[in-house]
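# Per-entry structural report
Spelled out, the chains give:
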Amino acid sequence: MKVIILSATTGGGHMSAANAIKNYLSDFAYEVLVLDTIEYINPILNKTITEGYEYLAKKRPNIYKVMYETANREKIMKAITKVNSLISKKLAPLIDEYNPDVIITTHPFSTEMVSRLKGSGKINIPIVCIMTDYAPHRTWINSSVDAYVVANDDMIQSMYDMGVPYWKVYPYGIPISEGFYAKKDKAIVLKEMGLNPGIPTILIMAGSFGVKNILEIYKEIIEIPLSFQIIVITGRNEQLYDSIEKVINGEKSKESSFEIFRKFICAVTSKILKTHDSVRNEKNRKISGSIKEIKDVHKANTRVIYFTKEVNKYMQTADLIITKPGGLTVTEALACNLPMAIFDAIPGQEDENANFSIDCN
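Predicted model only: the values in this text are computed from it and were never measured. As a convention, each chain's residues are numbered from 1 in the sequence order in which they are written. Only residues with pLDDT of at least 70 are given local features in this predicted model, and only at 80 or more are side-chain atom pairs given and counted; all residues enter the totals for whole chains, interfaces and linings. With hydrogens and water stripped out, all remaining heavy atoms of the structure feed into the side-chain values.

## Concerning the confidence of the model for the chain
Within the chain, residue pLDDT values average 84, and 80% of them lie at 70 or more. This model gives residues 252-258 a pLDDT under 50, and the stretch forms 9 contacts once residues within four places in sequence are excluded. In predicted models, pLDDT denotes the confidence assigned by the predictor to each residue on a 0 to 100 scale. By the convention used here, residues are in contact when the closest approach between their heavy atoms is within 4.5 Å.

## Comments concerning the sheet that holds strand β3 (residues 102-105)
Think of it this way: DSSP has to see at least two bridges between two strands before they count as a pair. Strands here are runs of E lasting at least two residues and helices are runs of H or I lasting at least four, both read from the DSSP assignment and numbered beginning at the N terminus. With parallel pairing, the 6 strands of this open sheet are ordered in space as β2-β1-β3-β4-β5-β6. Of all the strands in the sheet, the pair left with one neighbour each is β2 (31-36) and β6 (169-170). Note: strand β1 (residues 2-7) against β3, 4 bridges, orientation parallel. Residue pairing for β3: I4 is matched across the bridge by I103.

## A closer look at a nonpolar patch on the surface
Patches draw on residues past 30% relative accessible area with no salt bridge. Two like charges within 9 Å are joined, as are two nonpolar side chains (Val, Leu, Ile, Met, Phe, Trp, Tyr) within 5 Å. With residues, only the protein chains shown are counted as cover, and all accessible areas are computed by Shrake-Rupley using a 1.4 Å probe. Criterion for a salt bridge: a side-chain nitrogen of Lys or Arg within 4 Å of a carboxyl oxygen of Asp or Glu. Among the surface-exposed residues, M1, F28 and Y30 lie close enough to one another that they form a single nonpolar patch of about 340 Å² accessible area. Summarising the element assignment, Y30 is placed in the loop between α1 (14-26) and β2. Partly exposed describes any residue whose relative accessible area lies between the buried limit of under 20% and the exposed limit of over 50%, with all areas from a 1.4 Å probe on protein chains only and scaled to the type maximum. A relative accessible area of 30% places Y30 in the partly exposed class.

## Re the packing of aromatic side chains
Planes of paired rings set the category: under 30 degrees apart is stacked, over 60 is edge-to-face and the rest tilted, where pairs are Phe, Tyr or Trp rings (Trp by its six-membered ring) whose centres lie within 6.5 Å. By the definition in use, this model includes 5 aromatic pairs. Between the aromatic rings of F28 and Y30, the centroid separation amounts to 6.1 Å while the plane-to-plane angle is 35 degrees, which identifies the pairing as tilted. Between Y241 and Y306, the ring centres sit 5.9 Å apart and the planes meet at 85 degrees, which makes this aromatic pair edge-to-face. In this pair, Y241 is assigned in helix α11 (residues 238-248) and Y306 in the loop between β9 (302-305) and α14 (311-317), connecting sequence segments 65 residues apart. Lying over the aromatic face of F307, R236 brings its terminal NZ or CZ to 3.7 Å of the ring centre. Two limits define a charge over a ring: the Lys NZ or Arg CZ must be within 6 Å of the ring centre, and within 35 degrees of the ring normal.

Structure, rendered in structure tokens:
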């Protein structure tokens, strides 16, 4: 059986979901091709869209929110469909050559493109769309899609309200790497990192977005007078990696201007750590000393990790994750039974992911 998985790098987690599906299917000896759709069609267009998305998400979230909400209206979607149809034709030769038995999509752009080809009669192949967030958006919806795999049962009615028949929607969840279900030996991992298996571990994940807020979070939580250790995964964010290293090495930095924000993160972190304190007895004991001495202890117990393919290992090692609520990240944390302190959600899909995470507790 031949399968083509169409995705895109715009936004977080779509390609990760695509590769997770590929790994699942490869166990059954299926022939699987994963394609970054927009990159294949036009690398310059892909760069423009990706950088535009990142700029709006990081620098102009209010504008992004308006665009997200506007694109969720049916009339606007008709205009987007027309634009998409102009570039979707470039996919047809590849699909004809590969001749898959089924097409899987994990990104709304890819879903729209291949649906246009099917609706116009250029292809006649079953399309399965796997949605990578915890609430639907109209950009995913198209009558030519044969089945939708969604994150939770509540999405079935929401999809129906957008015109998708009940029988097309399957609440099977968001696909993630099998590594998040394969338990690691926590003590061994921590000892390999030079950390203490006997005290709580906070994992901070930044993804590709943001420097300032992550840096502020780190600078504030190292002042909490409780015994814990910290792992920071910066991804390919070199600026953030260097900034955290500078704090650890004692270089001076500006005072935080995010007073409400920092107080919230500190309060959540302290509460969860104190919860562990009641479970672990004295393992999360208070540490005494001046603020500088407390900071120095936490800096010495911090490990900064650049890009890694072993996020599952660190999630299974941690007692708390501080993160943005991307669909894949939320799913991975849930699979690891890892408590989340969520911050700085991108308006739109990440807001909805955060709301789901809160409601399901």
